[in-house]
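# What the coordinates show
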Amino acid sequence: MSIPFSIRARPALGEVRDVNINPATLTNGDTIYYESTTSTWNNIPASGGGSANVTGPDNFALFKSGTNGVADPNCICRVPGTPGSAIIINPATKCIGLGFNNPVLRLEVNGVIKAAGAASTNLQLIPSSSAIGMVSNNPLVLFSNNALTSPNATIVDSVVNNIQSSSFRSYPPTAFDVIDTTDTNSIYKVKLQNGINLWNTGGGFDTQEPFTSATFNFPTGQIVEYQNNKPIQYPKIIGQLNTATLILTGGTAFVSYFGFEVGSQDHMIYDPMGMRAFRTGGDWTFWGAPSLYRQATDKFIINVKFFLSGDWTGFDPSDELIIYIFQYRSGSTYQTHELVRTTPNTATSRMRMSGERTLLGFVTGGPEEFDASTDYYTIEIANMSTANNFNVTRFTVVSEFIFAQ
């Protein structure tokens, strides 16, 4: 006896249990998925990930939104030049832009970058070249901990050649001797330029005019190093007389010059602390304490050096010069200090010599006492000869004030 072979007929859709399939929405490629909240089987298109609808514009990354995949134009885009996306990927160049619409470098970031980690974590920048910096109109600020601003941070500004930190300053070379009186324990440099008024309070001192190469023949461009508000090499002034000056027998002449009216040869060579004090006519012939330290409580040791070049009109064994440092107090002669006493050094009557003297100005009541608030100096040459005149062809004076506190 044979059993007849038979094939079971394909069940109709309505015969499947626990289903929620709408024949009206069925299309080719649909799949069935189980929905646990309703305990039913449902139909859904199989495209876009197999189990979710894909909505939104093309060329944007997909993000899950409920049961669907959504292309968000505000997030990640692969079309360079598209505005509004947080991240732009350039498939052709493999460049990524964060906040940049059209990146041309491997990674371009518009905004703040923060690398955070454990206390021992180091942030390292390893460039392919020797340059690390910023291409912008703002200075580069380097800091650690919470020291975000100057003077705790280090600020680099390449436009004005300026570096600042808590212990070092390199100020822009835009003015003459802009000394920072607020810094403590700092070292900085100042480039001497056209100048500002370093002393304008009047009193027993003349008002200083700005230095310019046109009016004072002052050589600009010198670099002076300061510690706090004092030059590291001590306050110093250098002046020079180049105008031939004839001193008659028994006569005298002032020979210290630190600036002049237009047309004169006599000029200032160096004065980073504003030590000019008083002038005769248009010529600065007197010097005193630095402008920042013209108080009676400021005490100094004063060193004076000189170089003299000149000629006697003849030769006589009795020819003699005395070079004096005249000290004035509030406009009147206070003390006279002999700097050097000379005799002719050759039978040709030519004179070339140099010398120096140190004055203990800090000793109150002493013969060299110096009051920074009222006193200033000048140098005078006295011709003691009764036979010959003396012609000064050059006289250079260097005076250094050393703080005695």
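See the structure printed just above.
In this text the structure is predicted, and so the values were computed from the model without any measurement.

## Considering the overall build of the protein chain
- From N to C terminus, the protein chain includes 0 helices and 29 strands.
- Expressed as a percentage of its 405 residues, the buried residues of the protein chain come to 35%.
- In the protein chain, 53% of the contacts between residues at least 6 apart in sequence involve partners at least 24 apart.

## Quick notes on the nonpolar core
- In this structure, Trp287, Leu308, Ile323, Ile379, Ile381, Phe395 and Phe401 are the most contacted members of the largest nonpolar core, which totals 45 residues.
- Excluding anything up to four places from it in sequence, Ile379 contacts Ala253, Phe254, Val255, Ser256, Trp287, Val304, Ile323, Tyr324, Leu339, Phe395 and Val397.

## Focus: the sheet that holds strand 6 (residues 68-71)
- Taking strand neighbours across the sheet as the criterion, the 3 strands line up as 4-6-5 in an open arrangement whose pairing is mixed. Bordering the open sheet on either side are strand 4 (54-55) and strand 5 (62-65), each of which pairs with just one other strand.
- Bridging between strand 4 and strand 6 involves 2 bridges; their strand directions are parallel. Across the sheet, the residue bridging to Val54 is Gly69, located in strand 6.

## Let's talk about the sheet that holds strand 3 (residues 40-45)
- With mixed pairing, 3 strands are arranged side by side in an open sheet as 1-3-2. The open sheet terminates on both sides in strands that have one partner only, identified here as strand 1 (19-20) and strand 2 (30-35).
- Here 6 bridges tie strand 2 to strand 3, and the two strands are oriented antiparallel to one another. Paired with Asp30 across the bridge in strand 3 is Pro45.

## Considering the side chain of Asn42
- Position of Asn42 relative to the elements: it lies in strand 3.
- Looking at Asn42, its side chain comes within polar contact range of the side chain of Thr40, at 3.3 Å.
- For Asn42, the contacting residues outside a window of four places in its chain are Asn20, Ile21, Thr31, Ile32, Tyr33 and Glu35.

## Looking at the packing of aromatic side chains
- One pass over the structure, following the stated rule, counts 16 aromatic pairs.
- On the basis of an interplanar angle of 5° and a centroid distance of 5.9 Å, the ring pair of Tyr328 and Tyr376 is categorised as stacked. Of the two residues, Tyr328 is situated in strand 25 (residues 321-329) and Tyr376 in strand 28 (residues 375-383); the sequence distance between them amounts to 48 residues. Comparing Tyr328 with Tyr376, the two get one shared label, buried.
- Seen in terms of ring centroids, Phe370 and Tyr377 are 5.2 Å apart; in terms of plane orientation they differ by 20°. Their pairing is stacked.
- Overall, Tyr377 belongs to the buried group, its relative accessible area being 0%.
- Clustering of aromatic rings is evident, with ring pairs tying together Phe258, Trp287, Tyr293, Phe300, Phe370, Tyr377, Phe401 and Phe403.
- Residue placement shows Arg276 over the ring face of Trp284; its charged tip is 5.1 Å from the ring centre.
- The residue whose ring lies beneath Arg329 is Tyr334, and the NZ or CZ to ring-centre distance is 3.8 Å.

## What to know about the environment of Thr378
- Counting through the fold element by element, Thr378 comes out in strand 28.
- The class for Thr378 is buried, based on a relative accessible area of 0%.
- On a C-alpha basis, the gap between Thr378 and Phe254 in space is 7.2 Å, while along the polypeptide they are 124 residues apart.
- Residues within four places of Thr378 in sequence aside, it is in contact with Phe254, Ser256, Thr285, Phe286, Trp287, Tyr324, Ile325, Phe326 and Tyr328.
- Among the polar contacts made by the side chain of Thr378, one reaches the main-chain carbonyl oxygen of Thr285 at a distance of 2.8 Å.

## A look at unusual backbone geometry
- Even without being glycine, Lys94 reaches a positive phi, approximately 60°.
- Relative to the helices and strands, Lys94 resides in the loop between strand 8 (87-90) and strand 9 (95-98).
- Owing to a relative accessible area of 56%, Lys94 belongs among the exposed residues under this scheme.
- One non-glycine residue, Ser330, adopts positive backbone phi at about 55°.
- Position of Ser330 among the secondary structure elements: in the loop between strand 25 and strand 26 (332-342).
- The exposure class assigned to Ser330 is exposed, which follows from its relative accessible area of 52%.

## What about a nonpolar patch on the surface?
- Together, Ile89, Ile96, Leu98 and Leu107 give the surface a local cluster of nonpolar side chains, amounting to about 300 Å² of exposed area.
- With respect to the element layout, Leu107 can be found in strand 10 (residues 107-109).

## As for the side chain of Thr82
- With respect to the secondary-structure elements, Thr82 resides in the loop between strand 7 (76-77) and strand 8.
- One polar contact links the side chain of Thr82 to the main-chain carbonyl oxygen of Val79, over a distance of 2.8 Å.
- Excluding its chain neighbours within four sequence positions, the residues that come into contact with Thr82 are Phe60, Cys77, Ile88 and Asn101.

## Observations regarding the pattern of salt bridges
- Here the structure, examined in full by the defined rule, presents 7 salt bridges.
- Between Arg329 and Asp375 there is a salt bridge; the shortest N-O distance is 2.7 Å. Within this pair, whereas Arg329 is found in strand 25, its partner Asp375 is found in strand 28, the two being separated by 46 residues in sequence.
- When its relative accessible area of 22% is taken as the criterion, Arg329 is described as partly exposed.

## Digging into the pairing of strand 28
- Where burial is concerned, most of strand 28 is hidden: 9 out of the 9 residues are buried.
- Neither face of strand 28 is left uncovered, since the one carrying Asp375, Tyr377, Ile379, Ile381 and Asn383 and the one carrying Tyr376, Thr378, Glu380 and Ala382 both have all their residues buried.
- Bridging between strand 20 (residues 252-254) and strand 28 involves 3 bridges; their strand directions are antiparallel. Bridge pairing in strand 28 places Thr252 opposite Ala382.
- Note: strand 23 (residues 283-288) against strand 28, 2 bridges, orientation antiparallel. By the bridge assignment for strand 28, Trp287 is matched with Tyr377.

Basis of the calculations
Residues numbered from 1 in each chain as written. Predicted model: local features only at pLDDT ≥ 70, side-chain atom pairs only at ≥ 80, totals over all residues. Heavy atoms only, no water. Helix = DSSP H or I, 4+ residues; strand = E, 2+ residues; numbered from the N terminus. Buried < 20%, exposed > 50% of the residue type's maximum accessible area, 1.4 Å probe, protein only. Contact = heavy atoms within 4.5 Å. Core = buried A, V, L, I, M, F, W, Y, C linked by side-chain atoms within 4.5 Å. Pairing = 2+ DSSP bridges. Polar contact = N/O pair within 3.5 Å; in protein donor to acceptor, adjacent residues only side chain to side chain. Phe/Tyr/Trp six-rings, centres within 6.5 Å; stacked < 30°, edge-to-face > 60°. Lys NZ or Arg CZ within 6 Å of the ring centre and 35° of its normal. Patch = residues over 30% accessible without salt bridge, like charges linked within 9 Å, V, L, I, M, F, W, Y side chains within 5 Å. Areas by Shrake-Rupley, 256 points an atom, 1.4 Å probe, with all protein chains shown as cover. Salt bridge = Lys/Arg side-chain N within 4 Å of Asp/Glu carboxyl O.

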